Amino acid sequence: MKCKKETYYLDTVVEVQSEYERKIIADQSANIKSLQRDLKVWLSNSKEALGA
């Protein structure tokens, strides 16, 4: 663990993972937005069906 701390290994791992996630989000932004819209519709439909 000492070596990992001295070389900022965990910081590097987190940054690399974060960059991968940012890239996926950027590449899939249209799909994500579409899913968000669908989720709002599904939620609204569910509330209406349940009389809420």
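Just so you know, these numbers come straight off a predicted model, no measurement behind them.

Student: For the overall build of the protein chain, give the residues involved together with the corresponding values.
Tutor: Across its full length, the protein chain holds three helices and zero strands. Each helix and strand of the protein chain, ordered N terminal to C terminal, gives the series α-α-α. The C-alpha radius of gyration of the protein chain comes to 20 Å, more than 25% above the 10 Å expected for a compact globule of 52 residues. Judged by the C-alpha coordinates and their principal axes, the protein chain covers about 60 × 25 × 5 Å. A burial count over the protein chain gives 0% of its 52 residues as buried. Counting only carbon and sulfur atoms, one obtains 60% of the accessible surface of the protein chain, whose full area is about 5100 Å².

Student: Give a detailed account of helix α3 (residues 29–50), specifying residues and quantitative values.
Tutor: Quick reminder: α-helices carry 3.6 residues per turn. Residues three or four places apart thus point the same way. For α3, with 22 residues, the first-to-last C-alpha span of 31 Å sits near the 32 Å given by 1.5 Å per residue. One or two residues past the end of α3 sits G51, with phi positive at roughly 75°.

Student: So what about unusual backbone geometry? Which residues, and what values?
Tutor: Phi at Y8 takes a positive value of approximately 55°, unusual for a residue other than glycine. Summarising the element assignment, Y8 is placed in the loop between α1 (2–6) and α2 (9–27).

Student: Describe the environment of V41, with residues and values.
Tutor: Structurally, V41 is set in helix α3. Taking the C-alpha atoms as reference points, V41 and E19, 22 residues apart in sequence, are found 31 Å from one another.

Student: Could you give an account of a nonpolar patch on the surface, with specific residues and numbers?
Tutor: A surface patch of nonpolar side chains, amounting to about 410 Å² of accessible area, comprises M1, Y9, L10 and V13. Mapped onto the secondary structure, L10 falls in helix α2.

Student: Hey, could you go over the pattern of salt bridges for me, with residue numbers and the actual values?
Tutor: Where charged atoms of side chains with opposite charge meet at close range, the side chains can pair. Under the counting rule described, the total for this entry stands at four salt bridges. The shortest N-O distance in the salt bridge between E15 and R22 comes to 2.6 Å. Under the relative-accessibility criterion, R22 is labelled partly exposed at 41%. Each of E15, E19 and R22 takes part in salt bridges that share partners, so that together they form one network.

The rules we used
- Residues numbered from 1 in each chain as written.
- Predicted model: local features only at pLDDT ≥ 70, side-chain atom pairs only at ≥ 80, totals over all residues.
- Heavy atoms only, no water.
- Helix = DSSP H or I, 4+ residues; strand = E, 2+ residues; numbered from the N terminus.
- Rg over C-alpha atoms; globule rule 2.2 N^0.38 Å.
- Buried < 20%, exposed > 50% of the residue type's maximum accessible area, 1.4 Å probe, protein only.
- Areas by Shrake-Rupley, 256 points an atom, 1.4 Å probe, with all protein chains shown as cover.
- Expected span 1.5 Å × (residues − 1).
- Patch = residues over 30% accessible without salt bridge, like charges linked within 9 Å, V, L, I, M, F, W, Y side chains within 5 Å.
- Salt bridge = Lys/Arg side-chain N within 4 Å of Asp/Glu carboxyl O.

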